[in-house]
Amino acid sequence: MKTLSVLLIEDDMIETMKFNRVLNSLELKHKVTEATNGEEALKILKDKNRIPDLILLDLNMPKMNGKELLKILKDDPVLRYIPAIILSTSNNHQDIKECYEIGVAGYIMKPLKYEEYTQKIKNLLSYWSVSELIKG
Amino acid sequence: MNKTKSPEILTRALFREREARKQAEKILEDKSMELYRLTQELKKANAKLKKQVDQKNSELKGVFQNLVDAYVLMDVFGNVIEMNSAAVELFGYDISIESLNVMNLIYKEDYEYAITSFRKLITDGIFSDYQARVYTKKKGVRTVHINASIIFDQKNKPIAAQGIVRDITEELRGKEVFEEQKKQLSVIVENSSLGIVLSQYKKIIQTNKAFQNLIGYSKEELEQKEVIDISVRDEYESSSAFFEKLHRGIIDDFSINRRFVKKDGSKFWAKTSIAAVRTADGVLRYQVALVEDITEQLEAEKQNKELLLSLEKSNQELKDYAHIVSHDLKSPLRSINALVNWIKEDYNKELEGTGLDNIALIENTLEKMENLISGILNYSSAGNKNNLDTQKLNLNEIITDITDTIFIPKHVTVSIKNKLPYIYGDRTRIQQLFQNIISNAVNYIDKEEGKVDIDYQDKDSYYVFSIKDNGVGIKKEYHEKIFKIFQSLSDNKNSTGIGLSIVKKILDLYEGDIWLESKSGVGTTFYISLKK
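Residues numbered from 1 in each chain as written. Chains lettered and ligands numbered in written order. Predicted model: local features only at pLDDT ≥ 70, side-chain atom pairs only at ≥ 80, totals over all residues.

When its secondary structure is counted, chain B shows 13 helices and 17 strands. Looking at chain B as a whole, 22% of its 532 residues are labelled buried. A separation threshold of at least 6 residues defines the contact pool for chain B, and within that pool the share at least 24 residues apart is 54%. (Helix = DSSP H or I, 4+ residues; strand = E, 2+ residues; numbered from the N terminus. Buried ≥ 20, exposed ≤ 12 C-beta atoms within 10 Å, placed from the backbone. Contact = placed C-beta atoms within 7 Å.)

In structure tokens form, the structure reads like this:
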């Protein structure tokens, strides 16, 4: 299993803590970069030496929302190949459809229960760590 | 010698005398012959003249007898001397049997007028256009028109009066009816709230008050105008195709929304219905236009449209709002759940039994809260007609999906009694509909062996589905209440009191119905009717 470089775009501090805690408790060695909003994420992505393997992003964020950020990524000749997975609270059919239209690699509902969350993140990361990726 | 006149002379004289007498006798004879002849001729002429007079008399008599109008001849005292058949028919008297004085025929209210008229007749010798009521023997009171004149003798002394009498009762009545109808019609036309314009070859002939008020011109001003003078030129031209068809008899009427130009130059929108008035042989004689000012109506429509738009917008906003709020509300719940879990993990040893119990209670409460928020979100979107995706649905599949999704304890069996039919609807809504009822049924089972049976009946234009359980049952007083939002009958964490109100909302969407039969402690059957 390879180690992934993950960009987590999440404005909620506790959500970020949850993600990191899952990685710690499962002793996963993935490298996590945090951004609390879209602009910050874009700034990080400008550095072509630090291009992540995987982008996890929340849909509801202040300023630039998840979909807007996604569109920018999918218009970029390099960044468009990074798998982007939505972490969302919305199971709204319209939202899900829209995201897949833009070109997300996955759409994960944030569950209420922490145990369920742990399970989902574990599965997600193990899947992508066995996937072949295009390195920018 | 004188005494001895010669006899030859005497003889000659005698002869001359004889000749003269002869001549005289001949003249006498000739004259008497001539006289005789003249007398004969005179006799003949007389006879001829008499014949002619007789003929004229009888002709005249015929004329009078055959006169359509009544003819009455009377003496100066009013005694009727002669009547023609029309007069007999009209008045009903036969003067060969009974005497008749015209004074007796005069209607009492018209008496004075009759006397005045009669005097005028005597002085002037003629009186025309007398119009009054008379009594008749058989036909009651009739209104008559009389032209009368006096007949004088050679000494210019009045000896009789004659009158031509016409019964105008029916004529008057007809006229009255006509006038009345005309009045009624004009009342309608004048009081109509619709503007009415009568035009002929683009020229305005007549207008009513409503139209004059609308357009701001007086009746007289309008009669000087052509239709184009009060029209917006472009519209006038665009409607000319209709007029063309009207002229050619292809159509008899048409209706357009058009503008009129008022006297002050401003314009108003009017619904205008134009109908053709044709002669018996189909030639277009007039056009009648009914004009209804729809400015306000259009304004109201515009406002309605705006209102609808803003309503749609605020509906959308409300939907978005429910969406956003419910997700924003869920986030802290997730955080609390995570934090509580970390406390449980990190301080597992320090926490006593009660501490762990309380944490379990917090988790339970969080779950209930999340269910409630999900319920509100579902409720707010269930009735939304805009995102319906109607398709043919296999209900058996949907029920299987539901039983796979919801938690069903081992002691409960959900079964389909008869293979369910296909119905048309939005998959999400129909699933929500059945899922809410089935999960209720499952949740409230208190028996050792729980049974939930799903069945249906075909009722021509609709289906009635039944979901029967052997659960706790619902008391009669709650049968209505349970369909109202937040009316939960238990404090179960899965029971938010929203489920059945969502069911109701979805059924409203599909014009379906729901009712139930229940026995406390025995079980409940929910019935759902859905159009095919």
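Once the structure has been displayed, the description carries forward.
Phi is positive for Glu27 of chain A, which is not a glycine, with a value near 55°. Within the fold, Glu27 of chain A resides in the loop between helix H1 (13–25) and strand E2 (31–35). Residue classification places Glu27 of chain A among the exposed residues on the basis of 6 C-beta atoms within 10 Å. Positive phi values are uncommon outside glycine, yet Asn156 of chain B reaches one of about 65°. As for its placement among the helices and strands, Asn156 of chain B is situated in the loop between strand E4 (141–152) and strand E5 (158–167). Asn156 of chain B sits in the exposed class, given 7 other C-beta atoms within 10 Å.

Another point: the sheet that holds E2 of chain A. All names here are of chain A. The five strands are arranged E2-E1-E3-E4-E5 in an open sheet whose pairing can be described as parallel. The open sheet has two free edges, formed respectively by E2 and strand E5 (106–109), since each of these has just one partner strand. Between one strand axis and the next, the sheet turns by 20° as a mean value, whatever way the strands run. The sheet contact formed by strand E3 (residues 54–58) and strand E4 (residues 84–88) spans four bridges and is parallel. Considered in E4, the bridge of Asp58 is made with Leu87. (Pairing = 2+ DSSP bridges. Axes fitted to C-alpha atoms, helices over the stretch in contact; angles between N-to-C directions.)

Below, the discussion takes up the interface of chain B and chain A. Where the parts come together, the accessible area they lose is often given as the size of the interface. The interface of chain B with chain A comprises 13 residues on the first partner and 11 residues on the second. No other element matches helix H9 (residues 295–346) of chain B, which puts 10 residues into the side of chain B that touches chain A. Residues belonging to the side of chain B that touches chain A are distributed by class as follows: three nonpolar, six polar and four charged. (Nonpolar A, V, L, I, M, F, W, Y, C, P; charged D, E, K, R; others polar.)

All names here are of chain B. Pairing is antiparallel across the open sheet formed by five strands, whose spatial order is E2-E1-E5-E4-E3. The sheet is open, and its two borders are formed by strand E2 (80–83) and strand E3 (126–135), each paired with just one other strand. When strand polarity is set aside, the average angle formed by the axes of neighbouring strands in this sheet is 25°. Summarising the sheet, E4 and E5 pair through nine bridges and their orientation is antiparallel. When the bridges of E5 are listed, Phe152 appears paired with Pro158. Contacts from helix H3 (residues 111–124) reach E3, E4 and E5 within the one sheet, and its direction differs from that of E3 by about 155°.

Moving on to the environment of Ala360 of chain B. All names here are of chain B. Here Ala360 is to be found in helix H10 (residues 353–382). Given 12 C-beta atoms within a 10 Å radius, Ala360 is considered exposed. Note: C-alpha distance between Ala360 and Asn341 (19 residues apart in sequence) is 9.7 Å.

Before going further, it helps to spend a moment on the nonpolar core. Among the nonpolar cores identified, the biggest contains 33 residues, and Phe434, Ile437, Ile438, Ala441, Ile467 and Val503 of chain B are the most heavily contacted of them. Elements with a contribution of two residues or more to this core: H10, helix H11 (395–405), helix H12 (427–443), strand E14 (450–459), strand E15 (462–469), helix H13 (499–509) and strand E17 (523–531) of chain B. Examining the composition of this core, we find that seven residues originate from one element, H12 of chain B, more than from any other. Ignoring any residue separated from it by four or fewer positions in sequence, one finds Val503 of chain B in contact with Leu433, Asn436, Ile437 and Ile514 of chain B. In terms of nonpolar packing, the next biggest core, distinct from the first, is built from 29 residues, Leu56, Leu59 and Leu125 of chain A together with Ala338 of chain B among them. (Core = buried A, V, L, I, M, F, W, Y, C linked by C-beta atoms within 7 Å.)

All names here are of chain B. Two strands pair when backbone bridges link them, and strand E6 (residues 195–200) and strand E10 (residues 284–293) are joined in this way by five bridges, in the antiparallel orientation. Counted as the bridge partner of Val197 is Ala289 from E10. Bridge count between E6 and strand E7 (residues 203–207): four bridges; the pairing is antiparallel. From the neighbouring strand, Gln200 faces E7, where its bridge partner is Lys203.

Let's shift gears to the environment of Asn386 of chain B. Secondary-structure assignment places Asn386 of chain B in the loop between H10 and strand E11 (390–394). Exposure remark for Asn386 of chain B: the 9 C-beta atoms within 10 Å place this residue in the exposed category.

Residue and element names in this part refer to chain B. Relative to each other, H12 and H13 sit at 145°, their axes nearing to 9 Å. Read as a crossing pair, H12 and H13 show a hand that is left-handed. On the side of H12, the interface is formed by Arg429, Gln432, Leu433, Asn436, Ile437 and Asn440, while H13 contributes Gly499, Leu500, Ile502, Val503, Ile506 and Leu509. Each residue belonging to the contact of H12 with H13 can be placed in one class, and the counts come to seven nonpolar, four polar and one charged. (Left-handed = near helix turned anticlockwise from the far one by under 90°.)

Below, the discussion takes up H13 of chain B. All names here are of chain B. With eight of 11 residues buried, H13 is to be regarded as a mostly interior element. At its buried positions, H13 is contacted by H10, H12 and strand E16 (513–519). Looking one or two residues beyond H13, the residue adopting positive phi is Glu511, at roughly 55°.

Take the confidence of the model for chain B next. Of the residues in chain B, 97% have a pLDDT of 70 or more, and the chain-wide mean is 86. For this predicted complex, the interface confidence score (ipTM) comes to 0.85, while the overall pTM stands at 0.49. (pLDDT = per-residue confidence, 0-100.)

The subject of this paragraph is the packing of H10 of chain B against H13 of chain B. All names here are of chain B. It is the contact of H10 with H13, at a shortest axis distance of 9 Å, that shows an interaxial angle of 10°. As summarised for this structure, H10 and H13 are arranged roughly parallel, according to the angle between their axes. Facing H10, whose interface residues are Gly375, Asn378, Tyr379 and Ala382, H13 presents Gly499, Ser501, Ile502, Lys505 and Ile506. Among the residues making up the contact of H10 with H13, the classes are represented as four nonpolar, four polar and one charged. (Parallel < 35°, antiparallel > 145°, perpendicular 65-115°, else oblique.)

Another aspect to go through is the pairing of E14 of chain B. Residues and elements named next belong to chain B. Pairing analysis gives five bridges linking strand E12 (residues 412–416) to E14, with the strands arranged parallel. In the strand pairing of E14, Thr413 is matched with Lys451. By the bridge criterion, eight bridges tie E14 to E15 in an arrangement that is antiparallel. Directly across from Asp458, in E15, lies its bridge partner Tyr463. Linking two consecutive strands that pair antiparallel, namely E14 and E15, is a turn of two residues; a positive phi of about 60° is found at Asp460 within it.

Bringing helix H3 (residues 66–75) of chain A into the picture now. All names here are of chain A. Looking at H3, one finds that the buried residues are Gly66, Leu69, Leu70 and Leu73. For H3, the arc enclosing every buried residue in end-on projection is 100°, short of the 170-degree limit, so these residues lie on one face. On its buried face, H3 sits against helix H2 (38–46), E3, E4 and helix H4 (93–102). (Arc of directions from axis to C-beta.)

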